[in-house]
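Read off the chains here:
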Amino acid sequence: MKREFYRTVSDFLDDPQFRNWVLTGIDENGWEEWIEIHPDQRQLVIEARNLLLAMGVNQYEVSTEATEEALRENWDHIRKLQTTSPRQYWLSMAKYAAAVIVILLGFMWYHKGNVPVQSIVSFELASNSDPVSQGEIYNNTSQVPQLINLKDGSSVILQPGGTITCAQLYDSTHREVYLKGEAFFEVKKNPNKPFLVYTGDIVARVVGTSFRIKAIEGDPQIEVFVKTGEVNISQIRKGDEPKAKEIALYPNESVSFLKERNIFEKAVFSDIPKRAIEYLSFEFVDTHVTEIFKTIEKAYGVRIDYPVALLADCYLSTSLTDEPLLEKLKIICESMGENSSFTMHNNQIKIKSNGCN
Amino acid sequence: MSVDNDNDSGLWDLLVDGDERAYSTLFRKYYASLVSYGKSLTQHHNLVSDCVQEVFLDIWLYRKTLTHPSYIKAYLLSGVRKRIARRLKRERIFRNPQPLDQVETTFKVEFNLNFTVLDEMIHDEETRNQVLLVNKLLNQLPERQKEALYLRYHQGLEITQIADLMDINPQSASNLLHRGIKYLRRSWMGEISLLILTFHLFY
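**As for the packing of helix H2 (residues 20–39) of chain B against helix H3 (residues 48–61) of chain B**
All names here are of chain B.
And step 1. It is the contact of H2 with H3, at a shortest axis distance of 9 Å, that shows an interaxial angle of 150°. With respect to H3, the element H2 is oriented roughly antiparallel. The hand of the H2/H3 crossing is right-handed. Between H2, through Glu20, Tyr23, Leu26, Phe27, Tyr30, Tyr31, Leu34, Val35, Gly38 and Lys39, and H3, the contact on the second element is made entirely by Val48, Ser49, Val52, Phe56, Leu57 and Trp60.
And step 2. Here the residues of the contact of H2 with H3 are counted per class, giving 12 nonpolar, two polar and two charged.

Okay, here's the thing in structure tokens:
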């Protein structure tokens, strides 16, 4: 950005050339002249300048001699480690290696009987729509949507009658859940471990985003609606069918998979976005925490308890749109400052804080 | 700043290949400012130099397997911070034993630094008074905000690097910075209009 367009103190502070001028007094970039031509920027320049001048740091004195002394010590240390250790190092490494081999052998032996050969191609295995028996199963037998925090930090809002099975959330190359019914997902970002939602006929693949899937048994179609990020949906291949169809969805897009005809249809749902979590915005600019907590309560169906009096002057600017609930709460607490934390018990969230600064 | 990092990056490449001079050059270049940063993180100044040395030592010993950091200075600062935190935690466990899980959650390094006025750059009384005022307000900010400001404007780190280093979300880091500056501006404006008011009352 050109300096003519700077509108805040931070814009000036972020400019290394500006800092250089203020801190060294050497005006390489013609700041003095520039201010003369741009009198309306003058006030911002003065504020930014005063701030920098007030932010000096007395370096703890470290003399050149002290540095050289430390460097000498450092090299002595390195030489000592390098000359004495190789032999011991290899000996100890050999011991470790032996131990690892023994453990591995044991492991392989143990698993030989239990696991079918497909452990690497869990993808294929997963295309059976029956959930793998490992992992937890959440069943929403109540009449109201239910919030589920997955172990990887993602949030799921499961509608009544829905079931979610967590097949794999950690120690694997990807995260995997099975869904029957309707749920809204906010997936914790982790580019190294894509998050896959399997329903009977399709699979949705994301790295970190929020979206709804409605896959109710007996319904003629499966619906997907994306709130943020990107979702890749593909059809689960059955038997000797040719290549699976794939489709990419972006924010505010939706698609239906018509089970009967085996095709995707970019349908215009009459009612999207329909649930609170799907249309509420989590972009807050200088917003009072009460307002932020209210939005969260509404979106997730939770109750938030917080020290009202202590947070009476607490306004935050923050973007929480693309974060799961736990991450949202963490960011809010971090933004409120030190000594802020939260606990969550069922649908009750308790915020602890000594106030904002 | 980025030219500087390009130089550092070149030195890093050389030291990975076993160039001792490149290693020494990096050491000389950053030792003082790392010690200075370390001392602002703990009262136990005697362990800071050790920690800085260990950070460098590890770079040399594990140079073949380390991934090339995108920003060398941020990498070093972050290394020093983590190393000090680890050391303090260990000592704390030894000194007053308590359940491990509590130590884990309650422990944090505490940034503690008093910003000073750069008097040699100030040439008139009006500016001096204003800067003194801002300095007073700055030093009243919570330590975390001060640390974020220090890392941003003193060490020249990017928001993402600060977040990484302080182990918080980038959005939180940006909040820390902006809230600090906003608070300063608000209080500063308040006091200045008060000054002008008193001025008008007296003259």
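Structure's up, so let's keep going.
**A word on the confidence of the model for chain A**
All names here are of chain A.
And step 1. On average, chain A scores 78 in pLDDT, and the residues at 70 or more come to 79%.
And step 2. Looking over chain A, one finds the lowest element-wise mean pLDDT in helix H6 (residues 122–126), namely 25, and the highest in strand E15 (residues 303–305), namely 92.
And step 3. In the model, residues 109–134 has pLDDT below 50 throughout and makes 21 contacts with residues more than four positions away in sequence or in other chains.

**Description of a nonpolar patch on the surface**
And step 1. On the surface, Leu81 of chain A together with Leu61 and Tyr62 of chain B cluster together into a nonpolar patch covering about 250 Å² of accessible area.
And step 2. Examined against the element boundaries, leucine 61 of chain B turns out to sit in helix H3.

**Examining the interface of chain A and chain B**
Reports often express the size of an interface as the amount of accessible area lost when the parts come together.
And step 1. Taken together, the contact between chain A and chain B spans 54 residues of the former and 58 residues of the latter.
And step 2. With both chains or domains summed, chain A and chain B bury close to 4,900 Å², and 57% of this area falls on carbon and sulfur atoms.
And step 3. In this assembly, chain A and chain B are joined by four salt bridges.
And step 4. Linking chain A with chain B are 18 residue pairs in polar contact (both at pLDDT 80 or more).
And step 5. Counting only elements with at least two residues in the side of chain A that touches chain B, the list comes to helix H1 (9–13), helix H2 (16–24), helix H4 (42–53), helix H5 (64–114), strand E16 (315–319) and helix H9 (325–336) of chain A.
And step 6. Top element by residues in the side of chain A that touches chain B is H5 of chain A. It accounts for 13 residues.

**Comments concerning helix H8 (residues 159–166) of chain B**
And step 1. When H8 of chain B is considered as a whole, its buried residues turn out to be Gln161, Ile162, Ala163, Leu165 and Met166 of chain B.
And step 2. A positive backbone phi angle near 60° is found at aspartate 167 of chain B, which sits one or two residues after H8 of chain B.

**Observations concerning empty space enclosed by the protein**
And step 1. With the rule as written, the count across this model stands at one cavity of 30 Å³ or more.
And step 2. Space inside the largest cavity adds up to approximately 60 Å³.
And step 3. Taken together, Val9, Glu47 and Leu51 of chain A together with Val134, Ile181, Leu184, Arg185 and Trp188 of chain B make up the lining of the largest cavity.
And step 4. At the level of elements, H4 of chain A together with helix H9 (170–202) of chain B are the ones that each hand at least two residues to the lining of the largest cavity.
And step 5. For the lining of the largest cavity, the element with the highest residue contribution is H9 of chain B, accounting for four residues.
And step 6. Of the residues contributing to the lining of the largest cavity, the split by class is six nonpolar, no polar and two charged.

The rules behind these values
Residues numbered from 1 in each chain as written. Chains lettered and ligands numbered in written order. Predicted model: local features only at pLDDT ≥ 70, side-chain atom pairs only at ≥ 80, totals over all residues. Heavy atoms only, no water. Axes fitted to C-alpha atoms, helices over the stretch in contact; angles between N-to-C directions. Helix = DSSP H or I, 4+ residues; strand = E, 2+ residues; numbered from the N terminus. Parallel < 35°, antiparallel > 145°, perpendicular 65-115°, else oblique. Left-handed = near helix turned anticlockwise from the far one by under 90°. Contact = heavy atoms within 4.5 Å. Nonpolar A, V, L, I, M, F, W, Y, C, P; charged D, E, K, R; others polar. pLDDT = per-residue confidence, 0-100. Patch = residues over 30% accessible without salt bridge, like charges linked within 9 Å, V, L, I, M, F, W, Y side chains within 5 Å. Areas by Shrake-Rupley, 256 points an atom, 1.4 Å probe, with all protein chains shown as cover. Salt bridge = Lys/Arg side-chain N within 4 Å of Asp/Glu carboxyl O. Buried area = accessible area lost by both parts, 1.4 Å probe. Polar contact = N/O pair within 3.5 Å; in protein donor to acceptor, adjacent residues only side chain to side chain. Buried < 20%, exposed > 50% of the residue type's maximum accessible area, 1.4 Å probe, protein only. 1 Å grid on protein atoms, 1.4 Å probe; cavity = no way out; pocket = protein on both sides within 12 Å on 5 of 7 lines; lining within 4 Å. Points joined across faces, edges and corners; volume = space filled by probe spheres on them.

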